[in-house]
There are 2 protein chains.
Amino acid sequence: MTSSTEASGRRPRTDKQRNRMHLLQVAEQHFTEHGVTSSLEAIAKRAGVGAGTFYRHFPSREALLAALLQARAEQLVARREAIRQQESDTTTALTLWLDALSEWATAFDGLPEPLRAAVTEDTSPLALTCQGYITTTDEFLHAARRDGGARPEVRGRDLFLGVLAMSWVRGAAMADEASPQALSALMRTGWAAPAASAETASNP
Amino acid sequence: MTSSTEASGRRPRTDKQRNRMHLLQVAEQHFTEHGVTSSLEAIAKRAGVGAGTFYRHFPSREALLAALLQARAEQLVARREAIRQQESDTTTALTLWLDALSEWATAFDGLPEPLRAAVTEDTSPLALTCQGYITTTDEFLHAARRDGGARPEVRGRDLFLGVLAMSWVRGAAMADEASPQALSALMRTGWAAPAASAETASNP
DNA sequence: CAACATACGGAGGCTGCCTCCGCTTTTTCA
DNA sequence: TGAAAAAGCGGAGGCAGCCTCCGTATGTTG
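Just so you know, these numbers come straight off a predicted model, no measurement behind them.

Draft legend 1. The overall build of chain A, seen in detail. Check the secondary structure of chain A and you find nine helices and zero strands. Helices and strands appear in chain A in the N-to-C order α-α-α-α-α-α-α-α-α. Of all 204 residues assigned to chain A, the portion counted as buried reaches 44%. Across chain A, the fraction of contacts at a sequence separation of at least 24, relative to all contacts at a separation of at least 6, is 61%.

In structure tokens, the structure reads:
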């Protein structure tokens, strides 16, 4: 990423790079402690830089988040590869990938919200990231579908949004230990009982 | 509701009641147009009252929302009764109730967020409302379960949160016509293919 | 129609977002 | 090495939104 967007022939100043690194570290810590909606000025202050400096590096909250998620992207890609190579059962692979996505989406408190926004607003710095993961989800999903492990009408985009939704709820369900797991299961199997044949419950 | 919380022997002043009514109408309109996160001062201004008056009537955004949802509560209760009396199939009844809940939760743009918060924060004026609907969901769910239409491990609370989650996503999926429906289906049947007949591919 | 209770208005304090521009630091190159 | 030029920094300040406080206006009561 270093000086990739800038077409200049000059290297970025060292203090600039240092500030950027430091800001990222501090932001990571701050978001971890107070969630992604916490004050950006507080982060700047905590990092010991002025507001101007902060905003020059990260013009928006989304830009900062995108930079923070960049680091985790590598982990997630690694996870994807690990699943692909180690898990031969495609349905299990899809499950593992969705779990990984879920963990990624809950890296910070309140993260699902900007992610959801990014799915539709292609102006967001997070948009590309999300799009990539939707594609990956679609790949896992297609594999599972070929093996009869996933319903044909479900789309990768819907699964991705579903994961975001469940991660979003998780923030509220904290008090209830069972809810997160219950909701994941809900998305996997739904609430309806498996009506093996269409011979629905006509009073046994 | 009129003067129910106040133990005073005096009737509320007429201008107070008038202001309250007017504020509710204006807020309804404003939230419909700009979502629940729009400026409260803007609503006060649009209603032609000072900020102080506004906050005296509705100390918080949640209080205002609770008051607005009060009106819709009657519709929702009516819907509940209608479903109970007209729908003999308990599984269909549950589906209809979840649809009604979903519609209720998307009355305004951004409504799912404060609703989710209310599910856990019992200090919120919306908490009681949510709790009531969770109970109702549980009743429909139990009925469906008795008739074999719902998985035994699913809880009403999870379904309620699931509906909120899907409604929340809907805000992002607007651009994609198919997503809302896809997500509702996802919660009903899950993404996994029915395992029982994994080998028998061709049928009905 | 007092006099009393009640409610109103909006100024003002506070926080957070973001921009702008004078000043400092770094880099370049003679 | 030591200017000049380029790049980056800081934080004051403008703006918007939340919410409170208290002097004033308006209903209500006898």
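Draft legend 2. Representation of the relation of the copies chain B and chain A. Aligned on chain A, chain B shows an RMSD of 0.0 Å; the corresponding rotation is 180° and the shift along the axis is 0.0 Å. Such a combination of rotation and displacement between the chain copies is what one expects of a two-fold axis. Identified as the residue of chain B closest to the rotation axis by C-alpha distance is B:Gly190, at 1.9 Å.

Draft legend 3. Geometry of the pattern of salt bridges. Tallied over the full model, the rule gives 18 salt bridges over all chains. The salt bridge partner of A:Arg151 is A:Glu153, with a shortest N-O separation of 3.9 Å. The salt bridge involving B:Arg84 is made with B:Glu139; its shortest N-O contact spans 2.4 Å. Here B:Glu139 lies in helix H7 (residues 127-146) and B:Arg84 lies in helix H4 (residues 61-86), a separation of 55 residues in the sequence. A residue is classified by how much of its surface remains accessible, and B:Arg84, at 37% relative accessible area, is partly exposed. Members of the salt-bridge network, linked through shared partners, are A:Arg80, A:Glu81, A:Arg84 and A:Glu139.

Draft legend 4. Layout of the interface of chain B and chain A. Across the contact, 42 residues belong to chain B and 42 residues belong to chain A. Surface buried jointly by chain B and chain A totals about 3,900 Å² across both partners, of which 65% is contributed by carbon and sulfur atoms. Contact with chain A buries surface across chain B, with B:Arg151, B:Trp168 and B:Trp191 losing the most and accounting together for 25% of the total. One can count zero salt bridges joining chain B with chain A. Our enumeration of links across chain B and chain A arrives at 20 residue pairs in polar contact (both at pLDDT 80 or more). It is helix H8 (residues 156-173) of chain B that contributes the most residues to the side of chain B that touches chain A, 13 residues altogether. Tallied by class, residues from the side of chain B that touches chain A come to 23 nonpolar, ten polar and nine charged.

Draft legend 5. Here's a closer look at the packing of helix H6 (residues 112-120) of chain A against helix H7 (residues 127-146) of chain A. Residue and element names in this part refer to chain A. Between H6 and H7, the least distance of the axes is 8 Å, while the angle of their chain directions is 85°. As summarised for this structure, H6 and H7 are arranged roughly perpendicular, according to the angle between their axes. Residue-level inspection shows Leu 115, Ala 118 and Val 119 of H6 in contact with H7, the latter providing Ala 127, Cys 130 and Ile 134. A breakdown of the residues in the contact of H6 with H7 according to their chemical character gives six nonpolar, no polar and no charged.

Parameters and conventions
- Residue positions are given per chain, counted from 1 along the sequence in the order it is written.
- Chains and ligands are labelled sequentially in the order written, the chains with letters from A and the ligands with numbers from 1.
- At least 70 in pLDDT is required for a residue's local features to be given in this predicted model, at least 80 for side-chain atom pairs to be given and counted, and no such filter applies to totals for whole chains, interfaces and linings, which use all residues.
- Excluded from the side-chain calculation are hydrogens and water; included are all heavy atoms of the structure.
- Numbered from the N terminus, helices here are DSSP runs of H or I no shorter than four residues, and strands are runs of E no shorter than two.
- Think of it in three bands: with a 1.4 Å probe and only protein chains considered, a residue is buried below 20% of the maximum accessible area for its type, exposed above 50%, and partly exposed in between.
- Here a residue-residue contact requires only that any non-hydrogen atoms of the pair lie within 4.5 Å.
- When the copies are overlaid, the least-squares fit takes in C-alpha atoms only where the residue has pLDDT of at least 70 in both copies.
- Salt bridges are identified by distance alone: a Lys or Arg side-chain nitrogen within 4 Å of an Asp or Glu carboxyl oxygen.
- As a working definition, buried area equals the accessible area (1.4 Å probe) given up by two parts on being put together, with both sides summed.
- We define a polar contact as two N or O atoms separated by no more than 3.5 Å, with the added condition that, inside protein, one atom must be a possible hydrogen donor and the other a possible acceptor, whereas residues neighbouring each other in sequence contribute only through side-chain atom pairs.
- Note on residue classes: Ala, Val, Leu, Ile, Met, Phe, Trp, Tyr, Cys and Pro are nonpolar, Asp, Glu, Lys and Arg are charged, and everything else, Gly too, is polar.
- A fitted line through C-alpha atoms represents every axis, and for helices the fit uses only the stretch in contact; the resulting angles, taken between N-to-C directions, go from 0 to 180 degrees.
- The labels follow the angle: roughly parallel below 35 degrees, roughly antiparallel above 145, roughly perpendicular from 65 to 115, and oblique for the rest.

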